[in-house]
Amino acid sequence: MEQKAGNVSWQDVNSLVRPGVLRMFTYQLVSRGATAILFFRWRQPRFGTEKFHGAVLPHNARPDGRVFREVAQWGRN
């Protein structure tokens, strides 16, 4: 199952994903029978139409962001 890893950039008002919501959605997908989870956008692009679309890693590709920590935490469980 594919899910977004952060905010989107195509709505009139683009809200951020609150802490813990990504993990909640992941548990929901697994509980409904998903055998794999794909997070849309591993790394946020630096240019193009989706450069403001959220990702697991931000533009600088440093693994210290909140979304990366949540994905890593789920992977450890």
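About the thresholds
Residues numbered from 1 in each chain as written. Predicted model: local features only at pLDDT ≥ 70, side-chain atom pairs only at ≥ 80, totals over all residues. Heavy atoms only, no water. Buried < 20%, exposed > 50% of the residue type's maximum accessible area, 1.4 Å probe, protein only. Helix = DSSP H or I, 4+ residues; strand = E, 2+ residues; numbered from the N terminus. Arc of directions from axis to C-beta. Salt bridge = Lys/Arg side-chain N within 4 Å of Asp/Glu carboxyl O. Core = buried A, V, L, I, M, F, W, Y, C linked by side-chain atoms within 4.5 Å. Contact = heavy atoms within 4.5 Å.

**Notes on helix α2 (residues 66-76)**
Here α2 has its buried residues at Val67, Glu70 and Val71. Buried residues of α2 fall within an arc of 95° about the axis and therefore sit on the same side.

**A word on the pattern of salt bridges**
What the rule picks out here adds up to two salt bridges. The closest approach of N and O atoms between aspartate 64 and arginine 62, which form a salt bridge, is 2.8 Å. A residue is classified by how much of its surface remains accessible, and arginine 62, at 47% relative accessible area, is partly exposed. Here glutamate 70 makes a salt bridge to arginine 66, at a shortest N to O gap of 3.1 Å. One end of the pair, glutamate 70, and the other, arginine 66, are both in helix α2, four residues apart, so they sit about a helical turn from each other. Residue classification places arginine 66 among the partly exposed positions, given a relative accessible area of 30%.

**Notes on the environment of phenylalanine 40**
On the secondary structure map, phenylalanine 40 appears in strand β2 (residues 38-40). Separated by eleven residues in sequence, phenylalanine 40 and leucine 29 have C-alpha atoms that sit 14 Å apart.

**Description of the nonpolar core**
Core analysis: the biggest nonpolar cluster contains six residues, these being Ala5, Leu22, Phe39, Val56, Val67 and Val71. Dropping the residues within four chain positions of it, valine 67 is found in contact with Ala5, Leu22, Ala55 and Val56.

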